[in-house]
2 protein chains.
Amino acid sequence: MEELYIKLLMDDHSIIEKALVIFERQLEKSKKNWSAISTLLDVLWDYGETCHNMKEEKVYFPLLLERGMPPQGPVAVMLAEHQKERDYLNKLKSLLPEAKQNKELEQEFSNIFGEYSALTKDHIWKENDILYPMGRKFVQPDDVPYLATEFKRIEQESLGVGAYTRYKTLVDALEKETGERINLLASLPIDVISDMLDALPVELTFVDAEDRVRYFNKLDKDKIFSRTLSAVGRLVQQCHPPKSIHLVNKIIQEMKEGKRDQATFWIHFNGMYLFIAYYAVRDENGNYRGVVEMVQDVNPYRALEGEKRLLDES
Amino acid sequence: MEELYIKLLMDDHSIIEKALVIFERQLEKSKKNWSAISTLLDVLWDYGETCHNMKEEKVYFPLLLERGMPPQGPVAVMLAEHQKERDYLNKLKSLLPEAKQNKELEQEFSNIFGEYSALTKDHIWKENDILYPMGRKFVQPDDVPYLATEFKRIEQESLGVGAYTRYKTLVDALEKETGERINLLASLPIDVISDMLDALPVELTFVDAEDRVRYFNKLDKDKIFSRTLSAVGRLVQQCHPPKSIHLVNKIIQEMKEGKRDQATFWIHFNGMYLFIAYYAVRDENGNYRGVVEMVQDVNPYRALEGEKRLLDES
């Protein structure tokens, strides 16, 4: 089994390699998710450079030299490659703002990333398969816990407590991206999203851009307004009494035309004071995707007095 | 090109065939989604029997006979098969409640469904490939619009306006099921779900069962409490000042132990009256999946007076 300090360095490499793969996948798309690219670039700099490479440059490499590894050997090669990585990353960071808007610069950005990625993958392979095994012959028993402790200190000082897991989760979240925006929801299992929406004290119903009921929460639970599976696929116009259909149509039409974003109503119902609201759902380009109804009893909010803060919790 | 009346009958077949395939897939699972099975059985009866088969038995078959098709020919075979389908479906419906709870009856249920499914698929093939083409030689030009009109009338009288699309949407929604419950959300693209949650006038943050921030809505939008991507993967304990961490831990611990379902707070903040609530997220078996924070300004709800109904909309 590998020593903890080697595991820590190799785990860092896994995050970096994954970020590289997702980055490449983004660059292959005709419509790129530039937010994801920008975030990945930050990950590669923040985690790869200020955290991982500094573990090596400030602690691991000096220790290897102190223990007798010749300074002109692999450490010199690794240091030179780190410098190349930094140069590439700085170029990419300065090109990014314009590459988003200019097809030629986008191509240049991709080319530079390709060189950076090839260098970094090769560098990781050299460290994992050559340097670390070779280094074990120089590292003394007492150095093993020292290295792990120092690596954790550098991680914490550079990026805060729990940085490894945080960056790993972030890269995993970016892996699930399919659109042109970052969609954090995509990294959650659909069942968890469903359970999350069922946990909210509101009733949600989603009607799609073709005016059909597609989703409502709390399927198997008690609801203020009962809904059953037979509502799925039903036209929203079929869910209202004839005398108000023209108003439903008017509201939806105005939402489709971008003239309206919401419609709100409030009624007394079974001892509750219901706030029934319709919000237009649009994509990042403002295209109408449907309308969501949110129903909640607002009586509890009307009865609140003063404040209750976390520290008031007994 | 096929006449509209043939297209309508064949579209019905597509719904039925899809329901059969999803049904089979459910029966192959070790843990079956009985809600989905029960719903599919309803679809096969309601749509397949009372809508589709009645189009044929009440309108199409009688017309073929009137136009000279011999009564002992394919129509008699089709009628006999419809009767067998009905017999199978009635057996399945009566077995269902016990099959859910008894492994032996579950096996019998599966066997009967297998026979029913084989019969129905074969029947559909015969109608599509033999009866309908043969029938075209008997159907007169004036019958073509008559058949389509009658089919639509039967659909509407048996299941209401828009039944075809409604059942098609429902079957499509069931196709996406992966768990043991029906998850309507699974039939929506993840981007649409994300857009829907961004449209709500609440700020949502989801922390998973390992206490890590995994999702928040309105990523690119103005929020009351700003959140950036760097929060993703962060431990919830890292999102609070040290003096209140013990309370955060206590609340989460109680939720994990099933002793608590929510924690609510309210504060004045920048002219708003914020209701900050935490709801435990659990799966269908009550297992803790995480906690969702919902923040909203409740001042607007406190200012409401009287009622505003849809018909008050001008």
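Every chain is numbered independently, its residues counted from 1 as its sequence is written. Here chains are named by letter from A upward and ligands by number from 1 upward, in the order in which they appear as written. Note on the predicted model: pLDDT of at least 70 is required for a residue's local features to be given, and 80 or more for side-chain atom pairs to be given and counted; whole-chain, interface and lining totals, by contrast, use all residues. The side-chain values count all of the structure's non-hydrogen atoms but skip hydrogen atoms and water molecules.

**Re the overall build of chain A**
Counting from the N terminus, the helices are DSSP H or I runs at least four residues long and the strands are E runs at least two residues long. Regarding its fold elements, chain A presents 9 helices and 5 strands. Listed by position from the N terminus, the elements making up chain A come as α-α-α-α-α-α-α-β-β-α-β-β-β-α. Radius of gyration: C-alpha atoms only; globule rule: 2.2 Å multiplied by the number of residues to the exponent 0.38. Radius of gyration (C-alpha) of chain A: 28 Å, far over the 20 Å computed for a compact globule of 314 residues. Its C-alpha atoms put chain A at 90 × 60 × 35 Å along the principal axes.

**Here's the deal with the relation of the copies chain A and chain B**
For this overlay, a least-squares fit was computed on C-alpha atoms, restricted to residues scoring pLDDT of at least 70 in both copies. Least-squares fitting of chain A to chain B yields an RMSD of 0.1 Å, with the transformation described by 0.0 Å of translation along the axis and a rotation of 179°. In short, the pair behaves as if placed about a two-fold rotation axis. Residues of chain A ranked by C-alpha distance from the rotation axis are headed by Arg302 of chain A, positioned 2.5 Å from it.

**Remarks on the sheet that holds strand 5 (residues 288-297) of chain B**
Residue and element names in this part refer to chain B. If you walk across this open sheet you meet the 5 strands as 2-1-5-4-3, and the pairing is antiparallel. Strand pairing shows two members of the sheet lacking a second neighbour, strand 2 (213-216) and strand 3 (262-269), which therefore form its edges. Direction aside, the axes of adjacent strands within the sheet are offset by 20° on average. Only when DSSP finds a minimum of two bridges between them are two strands counted as paired. Where strand 1 (residues 203-208) and strand 2 come together, 3 bridges link them in antiparallel fashion. Bridge pairing links Phe206 to Tyr215 in strand 2. In this analysis, axes come from line fits to C-alpha atoms, helices being fitted only over the stretch in contact, and the angle between any two N-to-C directions falls in the range 0 to 180 degrees.

**Describing the environment of Leu184 of chain A**
Here Leu184 of chain A is to be found in the loop between helix 6 (163-175) and helix 7 (190-199). For the pair formed by Leu184 of chain A and Pro62 of chain A, sequence separation is 122 residues and the distance between their alpha carbons is 40 Å.

**With respect to the interface of chain A and chain B**
By a widely used convention, the size of an interface equals the accessible area lost when the partners come together. The contact criterion used is simple: two residues touch if any of their non-hydrogen atoms lie within 4.5 Å. Taken together, the 79 residues of chain A in the interface contact 80 residues of chain B. Summed over both sides, the interface between chain A and chain B buries roughly 8000 Å², with carbon and sulfur atoms accounting for 65% of that surface. By convention in these notes, a salt bridge is any Lys or Arg side-chain nitrogen within 4 Å of a carboxyl oxygen on Asp or Glu. Connecting chain A to chain B are 2 salt bridges. Where Asp195 of chain B meets Arg289 of chain A, a salt bridge forms, and the shortest distance between an N and an O atom there is 3.6 Å. Each polar contact in these results corresponds to two N or O atoms within 3.5 Å; when the atoms are within protein, one needs to be able to donate a hydrogen and the other to accept it, and residues that are neighboring in sequence are counted only if both atoms are side-chain atoms. Across the chain A-chain B interface, the total number found is 23 residue pairs in polar contact (both at pLDDT 80 or more). Ranked by residue count, the leading element in the side of chain A that touches chain B is helix 7 of chain A, at 9 residues. Looking at the side of chain A that touches chain B, its residues break down into 41 nonpolar, 18 polar and 20 charged. Note on definitions: buried area is the accessible-area loss of two parts on being combined, 1.4 Å probe, summed for both. Charged residues are taken to be Asp, Glu, Lys and Arg, nonpolar residues to be Ala, Val, Leu, Ile, Met, Phe, Trp, Tyr, Cys and Pro, and polar residues to be all remaining types, Gly included.

**Some words on the pattern of salt bridges**
Considering all chains together, one arrives at 54 salt bridges over all chains under this definition. The shortest N-O distance in the salt bridge between Glu3 of chain B and Arg136 of chain B comes to 3.2 Å. Note that Glu3 of chain B is positioned in the segment before helix 1 (4-28) and Arg136 of chain B in the loop between helix 4 (103-135) and helix 5 (143-159), a separation of 133 residues in sequence. Buried means the residue's accessible area, taken with a 1.4 Å probe over protein chains only, is under 20% of the maximum for its type, while exposed means over 50%, and partly exposed covers the values in between. With relative accessibility at 44%, the residue Arg136 of chain B sits in the partly exposed group. Ionic pairing is found between Asp208 of chain B and Arg214 of chain B, a salt bridge with its closest N-O pair at 3.1 Å. Each member of the pair, Asp208 of chain B as well as Arg214 of chain B, carries the same accessibility label: buried. Look at the salt bridges and you will find they share partners, linking Lys18, Lys168, Asp172 and Glu175 of chain A into a network.

**Structural notes on the domain arrangement of chain A**
Domain limits in this description derive from either an automatic procedure or a database domain assignment. On domain assignment, one finds that chain A holds domain 1 (4-183) and domain 2 (188-302). The centre of domain 1 of chain A, based on its C-alpha atoms, is set 45 Å off from the matching centre of domain 2 of chain A.

**Looking at helix 5 (residues 143-159) of chain A**
Residues and elements named next belong to chain A. Taking 1.5 Å per residue, 17 residues should reach 24 Å; helix 5 reaches 24 Å between its end C-alpha atoms and fits that length. All of the buried residues in helix 5 are Asp143, Leu147, Ala148, Glu150, Phe151, Ile154, Glu155 and Leu159. Down the axis of helix 5, the buried side of the element spans an arc of 165°, and every buried residue falls inside it. Exposed side of helix 5, more than 90 degrees from the buried face: Thr149 and Glu157 are the residues found there. Lining the buried residues of helix 5 we find helix 1 (4-28), helix 2 (34-66) and helix 6. Just beyond helix 5, the residue with positive phi is Gly160, at close to 95°. The length a helix should cover is 1.5 Å for every residue beyond the first. This arc is built from the directions going out from the helix axis to the C-beta atoms.

**Examining the pairing of strand 3 (residues 262-269) of chain A**
Residues and elements named next belong to chain A. In this sheet, strand 4 (residues 272-282) lies alongside strand 3 in antiparallel orientation, the contact comprising 8 bridges. Looking across to strand 4, one finds that His268 is bridged to Tyr273. As consecutive antiparallel partners, strand 3 and strand 4 are separated by 2 residues, and within that stretch Asn270 has a phi angle of approximately 50°, a positive value.

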